[in-house]
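Architecture and fold: a report
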Amino acid sequence: MTVNLLDFDLPRLTAFFAEIGEKPFRAKQVMRWMHHSGESDFARMSDLAKSLREKLSASAVVEPPRLIKEQLSGDGTRKWLLDVGAGNGIETVFIPEDERGTLCISSQVGCALECSFCSTARQGFNRNLSVAEIIGQLWWANKALGRDPLALSPSSLPGGERDEGSLRESCSRGERIISNVVLMGMGEPLANFDNVVTALNIMLDDHAYGLSRRRVTVSTSGLVPAMDRLRDTCPVALAVSLHAPNDALRDVLVPVNRKYPLAELMAACRRYIEKAPRDFITFEYVMLDGVNDSVSHARELIELVRDVPCKFNLIPFNPFPLSGYQRSRPEAVRRFRDELMQAGLVATTRKTRGDDIDAACGQLAGQVQDKTKRTQYKIVEAAA
Ligand code: SAH
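A short tour of the structure in this document, coming up. Only a predicted model underlies this, so the values are computations on that prediction, with no experimental measurement involved.

Attention shifts here to the sheet that holds strand β5 (residues 89–96). The strand order across the open sheet built from 10 strands is β3-β4-β5-β6-β9-β10-β11-β12-β13-β14, with neighbouring strands paired in mixed fashion. Sheet topology places β3 (66–72) and β14 (346–349) at the edges, where each strand pairs with a single neighbour. Put simply, the sheet's adjacent strands are angled 20° from each other on average, direction ignored. With six bridges joining them, strand β4 (residues 78–83) and β5 adopt antiparallel strand pairing. Paired with Leu 82 across the bridge in β5 is Ile 90.

Its location among the elements puts Gly 354 in the loop between β14 and α13 (374–383). Note on Gly 354: relative accessible area 0%, which makes it buried. When the C-alpha positions of Gly 354 and Gly 76 are compared, they lie 7.6 Å apart, and in sequence the two are 278 residues distant. Beyond its immediate chain neighbours, meaning those up to four positions away, Gly 354 contacts Ser 73, Asp 75, Thr 77, Ala 359 and Ala 360.

To continue, consider the packing of aromatic side chains. Here the structure, examined in full by the defined rule, presents seven aromatic pairs. For the ring pair Trp 139 and Trp 140, a centre distance of 5.4 Å and an interplane angle of 90° mean the geometry is edge-to-face. A relative accessible area of 4% means that Trp 139 is categorised as buried. Cluster of aromatic residues (ring-pair linked, three or more members): Phe 8, Phe 16 and Phe 17. For Arg 229, the ring lying beneath its charged end belongs to Phe 193, and the centroid distance is 4.0 Å.

Calculation notes
- Residues numbered from 1 in each chain as written.
- Predicted model: local features only at pLDDT ≥ 70, side-chain atom pairs only at ≥ 80, totals over all residues.
- Heavy atoms only, no water.
- Pairing = 2+ DSSP bridges.
- Helix = DSSP H or I, 4+ residues; strand = E, 2+ residues; numbered from the N terminus.
- Axes fitted to C-alpha atoms, helices over the stretch in contact; angles between N-to-C directions.
- Buried < 20%, exposed > 50% of the residue type's maximum accessible area, 1.4 Å probe, protein only.
- Contact = heavy atoms within 4.5 Å.
- Phe/Tyr/Trp six-rings, centres within 6.5 Å; stacked < 30°, edge-to-face > 60°.
- Lys NZ or Arg CZ within 6 Å of the ring centre and 35° of its normal.

Listed below in structure tokens is the structure:
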């Protein structure tokens, strides 16, 4: 049977090499070829013996998802659509900023949670992504950005002020193009726990992407038992999609709240911090006009998070057809943020990036062959 080596973290790759009668250091070599050099052809892995290359070609492949489309936004954001078979596609977004480059990756084809304001939810759910499909997004982005270093920062845009010299310099100094990874694309990462953790191990491994735990963020809608498991198996930075200050409202916006209500969620956040690489949880809070954006909501929120070291990331709602919601007015966002800050909380407003190519938060849609049959009635419901 042919295996896809992109599915393996180092321990599994080492076990695979043992099975085919090879030494453990071969696993590290091949890991570097695949992830440092973006190589998928064993024949070009020049420091492996020819006999080993042949053995690998006969029993294994290095197969990332197929690239369907690449789009570049006016603000430098890039989006890739990748084919994961059977009519399904997933999206990955790269967001360049002055100090860092963040890759936003997907963990499932669609999403089974039904957050009412999210366009991925509207698309329904097909399946979990494999490890190769999750890490393959980083593999592709690394390759695409490596070949085009001038597309890295907003200042390198057409018409923008280009500073080719300094960009080339920072690339040749070996600075990372992708410095941060966030699992904030399509899907609920903690609902695909095992594959996500194996992919995280590959991101953190020096023989692969060598990212620091502090710079890899898993975002969850609040699957409490899986938050505990993540803390115990692979603690990385954690973001929690909060979006409401009380159970009544959160039950509507993030229905998984009915299973894991806020008191349990806050307790899980406190437990997570004990082992987290950062000493705070990031709370994401989508700002929906007239729904969750009043000063009294902010006050309720301050009470809710009293015992949880945290930072707030306010996300102005990104609209999509028939969503039924509107983005909060800028004054409302400002007032909300001021209220949190006056209580001593750190709160930033997420800048909308890449919305001209539908790459902003909650706009990732890919192509989902829905298995839940949810899509149709949702659209009818929204139109009613
Ligand atoms: N399922 C995970 C990962 C998705 S992260 C989670 O819920 O955390 C994507 C973030 O964008 C989440 O905080 C999500 O709630 C938010 N989001 C979804 N739809 C949005 C929209 N239309 N506008 C702004 N933010 C949205």
